[in-house]
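Overview (structure and organization)
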Amino acid sequence: MNADQRMTDVDSWRRFPAAQQPEWPDPDALKGVLAELATYPPLVFAGECDQLRERIARVARGEAFLLQGGDCAETFDAITADQVRDKVKTLLQMAAVLTYATSVPVVKIGRIAGQYSKPRSKPVEVRGDITLPVYRGDAVNGQEFTEEARRPDPERLKRMYHASASTLNLIRAFVTGGYGDLRQVHEWNRDFVNSSPVGARYEALARDIDRALTFLAACGADPGEFHLAEFYSSHEALLLDYEAALTRIDSRTGHAYDVSGHTVWIGERTRQLDYAHVEFAASVRNPVAVKLGPSATRDEVLGLIDRLDPEREPGRLSFITRMGRDRVRDVLPALVEMVTEAEAPVAWICDPMHGNTFSAASGHKTRHFDDVLDEVTGFFEAHRALGTHPGGIHIELTGDDVTECVGGGHPIGLTDLHRRYQTACDPRLNRYQALDLAFQVAELYADRAVPTVTGPRLARVA
């Protein structure tokens, strides 16, 4: 199939300005790589994307909770079996706690198998008298501060595809080969409770889960869902050439799907209504999300709904809010109320990471666990006051024992950051901090009150 034959509505984004795209030095080399990528097999299947859209529809209706997490920016050297396993393990542990405490299904989505690029605030980096292109993620260039490493190389797009394929193969093996077993996951959580300095706080919840599993075993209940786990992949659809090359027309429906991941999102820096990222997302059938910071306006948000979900289909559109602990209580309620009054069935997800970054005296970018938790708390408070559903959380985390965020149950201080600061971009919660957060989110969800809401338009909490 040649390029002319592939021109469909999904290529309409090329007529719009595109922010945050690399300046590829060799357009012919880029064209050759994209033509090759267009012949590669899909990384995910359209039917899986449809299934995830149905799962997110339950979140939008208040019948499920969404957990999304993974690396800020994946790197090609971090796709070993152990590293992928530990990320999946951490997310499964968090999901087990949330499932029991919320009494609703938890939709598990990894920021994984495609999160190899990042938007940047400046196109160049300056060190002394040397100016080079900024590092935009392993999909574009290298971290080393050399002219050769920082030169955008389209061959890296093929490496991203193969790295994503390897990661997805590992994930599928783990979640179907024993790692998804609920009893095994709970044993890991029980070990966390026993060893954590704050474990006593969570002992009652862990004991309750023990009793529930013991009761089910005594009844002879052993459903297949206990041994397997649904797990979906996601990333920011930043590099539009790559996303378009991996867009396919589904033979069942005739719709276009971006088969680079089950769901993709548009970032805070690329959500302009008249720009290419929104146009591309509008052309594919995947469930999509948009990051909303505190500067989001009424017209922008309603415009995004009209462009991305004109049919008002539950599960199609999620809003991932990233307000910061200082702004979430002031800004979020008005946005939620406005969207609810517009009868738009979006799923509301809290990203408490990106609005709470600061620089330590050592020069390390970091986040404080208490700030992350406070934004999640504000998110729940806003939805509790409006009688709407706090749909989920979106976390940057790793399964490794890194020292990138301060605070948490296994406390990390500002002077500890240098010990294992390994992120390629922004700081991540380590596995202990992530599990600590899951237990505290579980408490927030279980303690939420359901106020009396008048009028037909406000969605009631399930």
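Thresholds applied
- Residues numbered from 1 in each chain as written.
- Predicted model: local features only at pLDDT ≥ 70, side-chain atom pairs only at ≥ 80, totals over all residues.
- Heavy atoms only, no water.
- UniProt positions renumbered as here; feature names shortened; annotations may be inferred.
- Buried < 20%, exposed > 50% of the residue type's maximum accessible area, 1.4 Å probe, protein only.
- Helix = DSSP H or I, 4+ residues; strand = E, 2+ residues; numbered from the N terminus.
- Contact = heavy atoms within 4.5 Å.
- Core = buried A, V, L, I, M, F, W, Y, C linked by side-chain atoms within 4.5 Å.

The name given to the chain in an unreviewed UniProt entry is Phospho-2-dehydro-3-deoxyheptonate aldolase, with Streptomyces fuscus as the source organism. Quoted straight from UniProt, the Catalytic activity (unreviewed entry) entry for the chain says "D-erythrose 4-phosphate + phosphoenolpyruvate + H2O = 7-phospho-2-dehydro-3-deoxy-D-arabino-heptonate + phosphate". Heading Sequence similarities (unreviewed entry) of the UniProt record for the chain holds this comment: "Belongs to the class-II DAHP synthase family."

1. Here we look at helix α11 (residues 298-308)
Turning to α11, its buried residues number three or more, namely V301, G303, L304, I305 and L308. At its buried positions, α11 is contacted by β8 (263-266), α10 (276-283), β9 (288-292), β10 (317-321) and α12 (328-341).

2. Re unusual backbone geometry
The backbone of S103 shows a phi angle near 60°, a positive value even though the residue is not glycine. Residues other than glycine seldom take positive phi values, yet A113 does so here, at roughly 65°.

3. Some words on the environment of D374
Within the element layout of this structure, D374 appears in helix α13 (residues 369-386). We classify D374 as buried; its relative accessible area is 18%. When the C-alpha atoms of D374 and P352 are compared, they prove to be 8.3 Å apart, with 22 residues separating the residues in sequence.

4. Let's talk about the nonpolar core
Soluble globular proteins tend to bury their nonpolar side chains together. By size, the foremost hydrophobic cluster in this structure holds 105 residues, and its most contacted members are L157 and F319. Per-element accounting of this core gives the leading share, 10 residues, to helix α4 (residues 81-102). Leave out the neighbours within four places in its chain, and L157 touches W24, L30, V33, L34, L37, A139, L239 and Y242. The next biggest cluster of nonpolar side chains, apart from the first, holds 14 residues, and it includes L52, Y232, A289 and I320.

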